[in-house]
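This is what each chain is made of:
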Amino acid sequence: MVRAACLLPLLPLLPLLHVSATKPEPCELDDDDFRCVCNFTDPHPDWSSAFQCVNAVEVEIRGGGRNLQQFIKIADTDPKQYVNLIKGLRLRRLTVGAAQVPAGLLFAVLRGLGYSRLKELTLEDLQITGTTPPPPLETTGPALDTLSLRNLSWAIGSTWLAELQQWLKPGIKELNIAQAHSLAFSCAEVRAFPALTTLDLSDNPGLGDGGLTAALCPHKFPALQELALRNAGIETTNGVCMALAAAGVQPHRLDLSHNPLRATARDAPGCVWPSALNSLNLSFAGLEQVPKGLPASLSVLDLSCNRLGRAPRPDELPKVSSLTLDGNPFLDPGFSNHQENPNDSSVVLACARSTLAVGISGTLALLQGAGAFA
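All values reported here derive from a predicted model rather than from experimental measurement.

## Quick word on the environment of Leu 201
Within the element layout of this structure, Leu 201 appears in the loop between β8 (198-200) and α5 (208-215). Assessed through its relative accessible area of 1%, Leu 201 is described here as buried. Residues Leu 201 and Ala 228, spaced 27 residues apart in sequence, show a C-alpha to C-alpha distance of 6.0 Å. Setting aside its immediate chain neighbours within four residues, Leu 201 contacts Ile 177, Leu 207, Leu 212, Ala 215, Ala 228, Leu 229 and Ala 232.

Have a look at this one:
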């Protein structure tokens, strides 16, 4: 009973199933008892193998795409009776993926983790099914520093972030959301993230300028310092500027790399960039010229690996301390030959390799997510 109680905050994988001793263990613990990885892909998984993860600091558990409805009774367990045992766990980083999880079960596990010392939680390739339980009467859940969510679908729709917040303590410093099925949050129900300094919405190619405005709920990110929007379908720097202004955020660093950026329309309304912004990354954006309407002054501007055919004139650039132009055609010794012979594939190899790596990474992530539920 004591050992089962220890596993409560890790994952509801406690019922012991009879299996042959000759089958390979689905869980592997390293020699230092530091990292434990479980992959329950067997048709008749040995859930009891998760016991060996009790002493690990990092735990990664993947459910083989299974529906975990069979463990819903755990939602009725009161973790308070196991407080001392849960506090004694070494667990600091937890990854859970590839499963269909009832919302009530997910939030019950978060409630149990509230007594642990967990700091980093990653949920990926999950289908969250069913309705959510009534909100807790008091602040519960783990005191996370970092929360990462990748390829999650929620039956509850646009209220999912607000519902999730109710089961987490409010001190999250870094929030990463990728391959989201919806980022059109119900902002009226979303609480503020008072300690959040880093928000990463990269790898959401359907987001776009308009979606960014819907995702950045106004006045919910008062401490935001870094905003990453790589491969997020962003089309114009002006659209991002307007979204930031509408949200009332003051990021210091903004990453718009790996987006198909185009020139701002001549009739686009003017926009004032956040005064705190000092670093802007516009690399790998397919730019043939420097976008108009950039912040007047920056410490760092990265324009590397674009399609600039000439060196930007001073009047086209902000006042900038550190400017990066590496990987643009005008710096390629073969660029003049390429102009004369457009069929000559003279490119900067480092840029080509990096772009290919990003594409492969995104494709693999999508295939892994689809394969989890095959």
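On we go from here.
## Some points on the pairing of strand β3 (residues 58-67)
Counting buried positions along β3 yields eight of 10 residues, so the element is predominantly enclosed. The pairing of strand β2 (residues 35-39) with β3 spans five bridges and is parallel. Within β3, the residue paired with Arg 35 across the bridge is Glu 58.

## So, the packing of aromatic side chains
For the coordinates displayed, the defined rule picks out six aromatic pairs. Judged by centre distance (4.7 Å) and plane angle (40 degrees), the rings of Phe 40 and Trp 47 are tilted. Using a relative accessible area of 2% as the deciding quantity, one classes Trp 47 as buried. Between the aromatic rings of Trp 160 and Phe 185, the centroid separation amounts to 5.5 Å while the plane-to-plane angle is 70 degrees, which identifies the pairing as edge-to-face. You can see Trp 160 sitting in helix α4 (residues 160-165) and its partner Phe 185 sitting in the loop between β7 (174-178) and β8, a full 25 residues away along the chain. Pair check on accessibility: Trp 160 and Phe 185 agree, each one buried.

## A word on helix α3 (residues 103-113)
α3 sits mainly inside the fold: 10 of its 11 residues count as buried. Buried residues in α3 make contact with α2 (83-87), β4 (93-102), β5 (120-129), β6 (146-154) and α4.

## A short note on the side chain of Asn 259
Among the secondary structure elements, Asn 259 is positioned in the loop between β10 (253-255) and β11 (279-281). Residue classification places Asn 259 among the buried positions, given a relative accessible area of 2%. A distance of 2.7 Å separates the side chain of Asn 259 from the backbone oxygen of Leu 229, its partner in a polar contact. One polar contact links the side chain of Asn 259 to the main-chain amide nitrogen of Ala 232, over a distance of 2.8 Å.

## What about the environment of Arg 307?
Mapped onto the secondary structure, Arg 307 falls in the loop between β12 (297-302) and β13 (319-324). For the pair Arg 307 and Gln 289, spaced 18 residues apart in the sequence, the C-alpha separation amounts to 7.6 Å. With near-sequence residues (within four places) excluded, Arg 307 lies in contact with Gly 286, Leu 287, Glu 288, Asn 328 and Pro 329.

## Digging into helix α6 (residues 237-247)
Of all 11 residues in α6, eight are buried; the element is thus mostly enclosed. All buried positions along α6 are accounted for by Thr 237, Asn 238, Gly 239, Val 240, Cys 241, Ala 243, Leu 244 and Ala 247. Those residues of α6 that are buried are in contact with α5, β9 (226-228) and β10. Among the residues trailing α6, Gly 248 stands out with phi positive, at a value near 70 degrees.

## Here's the deal with the side chain of Glu 124
Of note, Glu 124 is situated in strand β5. The contacts of Glu 124, once residues within four sequence positions are left out, are Arg 62, Thr 95, Val 96, Gly 97, Ala 98, Arg 150, Asn 151 and Leu 152.

## Overview of unusual backbone geometry
Positive phi outside glycine occurs at Asp 33, with the angle close to 55 degrees. Of note, Asp 33 is situated in the loop between β1 (27-29) and β2. Accessibility expressed as a relative area gives 33% for Asp 33, which makes it partly exposed. The residue Gln 179 is not glycine, and still its phi comes out positive at about 50 degrees. Along the chain, the position of Gln 179 falls in the loop between β7 and β8.

## A word on the nonpolar core
Of all hydrophobic cores here, the largest spans 89 residues; its most connected members are Leu 229 and Leu 254. By residue number, the principal contributor to this core is α3, which donates seven residues. Not counting residues within four places of it along the chain, the set of residues in contact with Leu 254 comprises Leu 227, Leu 229, Val 240, Leu 244, Trp 273, Leu 277, Ser 279, Leu 280 and Asn 281.

## Comments concerning the pairing of β6
Here β6 lies mainly inside the structure; eight of its nine residues are buried. Note: β5 against β6, eight bridges, orientation parallel. Following the sheet pairing, Glu 120 is matched in β6 by Thr 146. Strand direction decides the pairing type here: β6 and β7, joined by five bridges, are parallel. If you follow Leu 147 over to β7, its bridge partner there is Leu 175. Chirality of the crossover, the property in question, places the unit of β6, α4 and β7 among those that are right-handed.

Calculation rules
Residues numbered from 1 in each chain as written. Predicted model: local features only at pLDDT ≥ 70, side-chain atom pairs only at ≥ 80, totals over all residues. Heavy atoms only, no water. Helix = DSSP H or I, 4+ residues; strand = E, 2+ residues; numbered from the N terminus. Buried < 20%, exposed > 50% of the residue type's maximum accessible area, 1.4 Å probe, protein only. Contact = heavy atoms within 4.5 Å. Pairing = 2+ DSSP bridges. Phe/Tyr/Trp six-rings, centres within 6.5 Å; stacked < 30°, edge-to-face > 60°. Polar contact = N/O pair within 3.5 Å; in protein donor to acceptor, adjacent residues only side chain to side chain. Core = buried A, V, L, I, M, F, W, Y, C linked by side-chain atoms within 4.5 Å. Right-handed = clockwise from strand over helix to strand, strands pointing away.

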